Amino acid sequence: MSIVGKNPIEIPDGVDTKLDGDMIRVKGPRGDLSHAFPKGVMVVIADGKILVERSSDAKKDKELHGLTRSLIFNMVNGISQGYKRIIEIKGIGYKAQVKGSKLIFALGHSHPVEYEVPKGVNVAVDDKQVTITLSGIDKQLLGQVAANIKKLRVPDAYKGKGIRYAGERLKLKAGKTGKK
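Residues numbered from 1 in each chain as written. Predicted model: local features only at pLDDT ≥ 70, side-chain atom pairs only at ≥ 80, totals over all residues. Heavy atoms only, no water.

Engineer: Outline the nonpolar core, supporting the account with residue identities and numerical values.
Structural biologist: One finds Ile87, Ile89, Phe105, Ile132, Leu134 and Ile149 to be the most contacted residues of the largest nonpolar core, which totals 20 residues. For this core, the secondary structure elements donating two or more residues are strand 7 (83-90), strand 9 (102-106), strand 10 (113-116), strand 12 (131-136), helix 2 (139-151) and strand 13 (162-165). For this core, the element with the highest residue contribution is helix 2, accounting for 4 residues. Phe105 has contacts with Ile89, Lys95, Ala96, Pro112, Val113, Tyr115, Ile132, Ile149, Leu152 and Ile163, leaving out every residue within four places of it along the chain. Residues Val15, Ile24, Val26 and Ile50 belong to the second largest nonpolar core, which totals 16 residues. (Core = buried A, V, L, I, M, F, W, Y, C linked by side-chain atoms within 4.5 Å. Buried < 20%, exposed > 50% of the residue type's maximum accessible area, 1.4 Å probe, protein only. Helix = DSSP H or I, 4+ residues; strand = E, 2+ residues; numbered from the N terminus. Contact = heavy atoms within 4.5 Å.)

Engineer: With reference to specific residues and values, describe the sheet that holds strand 4 (residues 31-36).
Structural biologist: The antiparallel open sheet is built from 3 strands, whose spatial order is 2-3-4. With one partner strand each, in any of the chains shown, strand 2 (16-20) and strand 4 form the two edges of the open sheet. In this sheet, adjacent strand axes meet at a mean angle of 15° when their direction is disregarded. In this sheet, strand 4 lies alongside strand 3 (residues 23-28) in antiparallel orientation, the contact comprising 6 bridges. Counted as the bridge partner of Gly28 is Gly31 from strand 4. (Pairing = 2+ DSSP bridges. Axes fitted to C-alpha atoms, helices over the stretch in contact; angles between N-to-C directions.)

Engineer: Describe in detail unusual backbone geometry, supporting the description with residues and values.
Structural biologist: A positive phi angle is found at Asp47, which is not glycine, with a value near 55°. Mapped onto the fold, Asp47 is located in the loop between strand 5 (41-46) and strand 6 (49-54). In this structure, Gln129 is a non-glycine residue whose phi angle is positive, near 65°. Here Gln129 is to be found in the loop between strand 11 (121-125) and strand 12. Note on Gln129: relative accessible area 25%, which makes it partly exposed.

Quick look at the structure:
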């Protein structure tokens, strides 16, 4: 048995789960999500818990057992509590602002950089325009949006200017030293 896959998933109050063949649907106070699980994996809902089981000990089934359980757990957790990702912008003149469903960045280029935020992700920028808070119910989508935003201006190795996750520590390189 997979260490992750054998753990049951508790269904919190206010969250409704349904099985439709090889599809699980989760509805709750923040929205609804669905996921199609693979053929070698079975999902059972009983006594307020979701159990993920595999049909055989084939290598592929073992691989998908824990993954399916983690994806379903992330869905249930996102519907009940939600996820949040904080991004910081470091650098003189670097800033961001929200206009409708677009994030507009000033990142030291000759032009502003626009990023279209997909549906399902809420964006908030603080008053100083250097901290971006992303929130949503889909953990995978939220992480992908945060990674795409970070790719717009990867932190510099010498001064650390750029876009980074909150709390991310960078190991800066030493610059050149002058002649003595």
